[in-house]
Amino acid sequence: MNVRPADILETEFAFQSISDYPVDLYFLIDLSYTMRDDLETVSALTNDIAHSMRQVTKQLRLGFGAFVDKPVFPFVVPTPEYLSNPCLSVGNEQLHCDPPFLYKHIVSLTDNFEEFKEKTKLTRPSGNLDSPEGGLDALLQVARCQGQVGWRATARKIVLLASDGGFHLAGDGRIAGLVKPPPTDCRLQQRADRFNASLSYLGWHDAHYTDYPSVGEVGSFHIMTPSLWLLVIHFACVLGSYNIFKN
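In this text, all values refer to a predicted model and were calculated from it rather than measured experimentally.

*Asks:* Explanation requested: the state of the cysteines in the structure shown.
*Replies:* Such a bond, covalent and formed between the sulfur atoms of two cysteines, is termed a disulfide. On inspection of all chains with the given rule, the structure shows 2 disulfides. In this model Cys 87 forms its disulfide with Cys 97; the gap between the sulfur atoms is 1.5 Å. One disulfide, between Cys 87 and Cys 97, carries an S-S torsion of -65° and so falls in the left-handed class. With Cys 87 in the loop between helix 3 (80–84) and strand 3 (103–110) and Cys 97 in the loop between helix 3 and strand 3, the pair connects residues that are 10 residues apart, well separated along the chain. The exposure classification of Cys 87 matches that of Cys 97, with both residues buried. Across a sulfur-sulfur distance of 2.0 Å, Cys 145 and Cys 186 are joined as a disulfide pair. Disulfide Cys 145 to Cys 186: torsion about the S-S bond roughly 105°, handedness right-handed.

*Asks:* For this particular structure, what's the right way to read the packing of aromatic side chains?
*Replies:* The way to describe two aromatic rings as a pair is by their centre distance and the angle between their planes. Counted by the stated rule, this structure contains 5 aromatic pairs. Relative to Tyr 212, the ring of Phe 75 lies with its centre 5.5 Å away and its plane at 85°, an arrangement referred to as edge-to-face. Of the two residues, Phe 75 sits in the loop between strand 2 (60–67) and helix 3 while Tyr 212 sits in the loop between strand 6 (200–204) and helix 7 (215–224), which places them 137 residues apart along the sequence. Assigned by exposure class, Phe 75 and Tyr 212 land together as buried. Connected via pairs of aromatic rings, a cluster forms that spans Phe 27, Phe 64 and Phe 116. Across from the ring centre of Tyr 212, 5.0 Å away, lies the NZ or CZ of Lys 70, which sits over that ring. Over the face of the ring belonging to Phe 101 we find Lys 104, whose NZ or CZ atom lies 4.5 Å from the ring centre.

Cut-off values and rules
- Residues numbered from 1 in each chain as written.
- Predicted model: local features only at pLDDT ≥ 70, side-chain atom pairs only at ≥ 80, totals over all residues.
- Heavy atoms only, no water.
- Disulfide = S-S within 2.5 Å.
- Helix = DSSP H or I, 4+ residues; strand = E, 2+ residues; numbered from the N terminus.
- Buried < 20%, exposed > 50% of the residue type's maximum accessible area, 1.4 Å probe, protein only.
- Phe/Tyr/Trp six-rings, centres within 6.5 Å; stacked < 30°, edge-to-face > 60°.
- Lys NZ or Arg CZ within 6 Å of the ring centre and 35° of its normal.

None of this, on its own, says anything about what the molecule does.
Right, here's the structure in full:
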């Protein structure tokens, strides 16, 4: 076969995926109050999800994390009552929600699907004030905190980000006086919640000091990190925010 430089050569080839290739599937769920039904759906469908994925691979692990928004005004209601129970902002005084937060890592990637199901079932919603969420910030932490999340080096990595709203972008944080750029490292810590000391979780507790990332930052970190080249991000959203994620 002789081909000159810059010539176009058309050829046919076939390939197939390796059977039982390991898959790590991480659910990153918007935990604002309006998403409470969707969280229940994820928990209820755990067995169905595992069964469907195991048609593709038996080396499946599931993980779970949640996000809302930066816990600072004007992204959340700043009064002590609402910071301790943001569901008051939707007029539901009977439902006690967790204080606002940006990102919690709740279940590390595991093949114990019953543990995954139980922890998603016990997770409570939270709330914020505006429509966009802190999804991009949370997504970057999922990518940066590879040890805490439990990504396997050779696995196909999938993040399913589910939200019923859009996402904040770089510059939005300036409304709250957040001018520092987003961090370039993992910020997960096991600490008590700022607004309720009886709650302790592994999460990003100081997210209210930095601005949001841009879409370009998320994309460039993915491209420049070889261990994440097998990472695929899928977005599950409502029709009203479809064009935001599509573009």
